[in-house]
Amino acid sequence: MGIQELIDDFAFLDEWEDRYRYVIELGKGLEPLSDAEHSPANKVEGCVSQVWLVNETRKDAAGQTLLHFRGDSDAHIVRGLIAILMRLYSDKTPAEILDIDAREVFAKLGLNEHLTPQRSNGLYSMVARIQADARAALGAATA
């Protein structure tokens, strides 16, 4: 499912309580992290809940570098937010990741208005981490 399908699904749900339930359901489909991956090195700073993000470098059929992300949290709603981020960023080139305007997508989903300031800060901390990983991968590719 792409991000546009997610935006369409959100638009279909009238009540925010239904949308929250949907976000939580999305989180149940995350790829699992191993116990070893729940490490301080993978922990995202700036989140109220505990959040871990892992990225793996892959190659597409044309040989381009793609970043595949996986994540986890100790909070159900945050796991759902991670699932949204995975749809937005995972399996894209570093340049594509850096071109994505997360604020615009979150506005289309209505997340900006319906998340607490702490959750929003955590969400943007995750985005910053993903973008930093993309910049690092881009730098490694040009080195």
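In the block above lies the structure referred to throughout.
Here's what I pulled together on the structure shown here. (Residues numbered from 1 in each chain as written. Predicted model: local features only at pLDDT ≥ 70, side-chain atom pairs only at ≥ 80, totals over all residues. Heavy atoms only, no water.)

A separate point is the overall build of the protein chain. On a plain count of helices and strands, the protein chain comes out with seven helices and two strands. Starting at the N terminus and walking to the C terminus, you meet the elements of the protein chain as α-α-β-β-α-α-α-α-α. Taken against the 2.2 N^0.38 rule, which gives 15 Å for 143 residues, the C-alpha radius of gyration of the protein chain at 15 Å falls within 12% of a compact globule. In terms of overall dimensions, the protein chain has C-alpha extents of about 50 × 30 × 25 Å along its principal axes. Residues classed as buried in the protein chain amount to 48% of the 143 residues present. (Helix = DSSP H or I, 4+ residues; strand = E, 2+ residues; numbered from the N terminus. Rg over C-alpha atoms; globule rule 2.2 N^0.38 Å. Buried < 20%, exposed > 50% of the residue type's maximum accessible area, 1.4 Å probe, protein only.)

Considering the arrangement of structural elements, one finds D72 in strand β2 (residues 65-73). By relative accessible area, which is 12% here, D72 ends up buried. With residues up to four places along the chain from it excluded, the contact list for D72 reads L33, H38, Q50, V51, W52, R79 and I82. (Contact = heavy atoms within 4.5 Å.)

With that out of the way, let us pick up the pairing of strand β1 (residues 51-59). Across nine bridges, the pairing between β1 and β2 is antiparallel. Bridging across to β2, K59 finds its partner in T65. Taking the residues that link successive antiparallel strands as the turn, the β1-β2 hairpin has five residues, and the phi of G63 there is positive, at about 85°. (Pairing = 2+ DSSP bridges.)

Take the nonpolar core next. In terms of nonpolar packing, the biggest core is built from 41 residues, with F10, I84, L85, Y89, F106, L111 and M126 touching the most fellow members. Looking at this core, the elements with two or more residues in it are α1 (3-12), α2 (16-27), β1, β2, α3 (76-89), α5 (102-109) and α7 (117-142). Ranked by the residues each element gives to this core, the list is headed by α3, at 10 residues. Apart from residues lying up to four places away in sequence, I84 is in contact with I3, L6, F10, V23, L26, L109 and L111. (Core = buried A, V, L, I, M, F, W, Y, C linked by side-chain atoms within 4.5 Å.)

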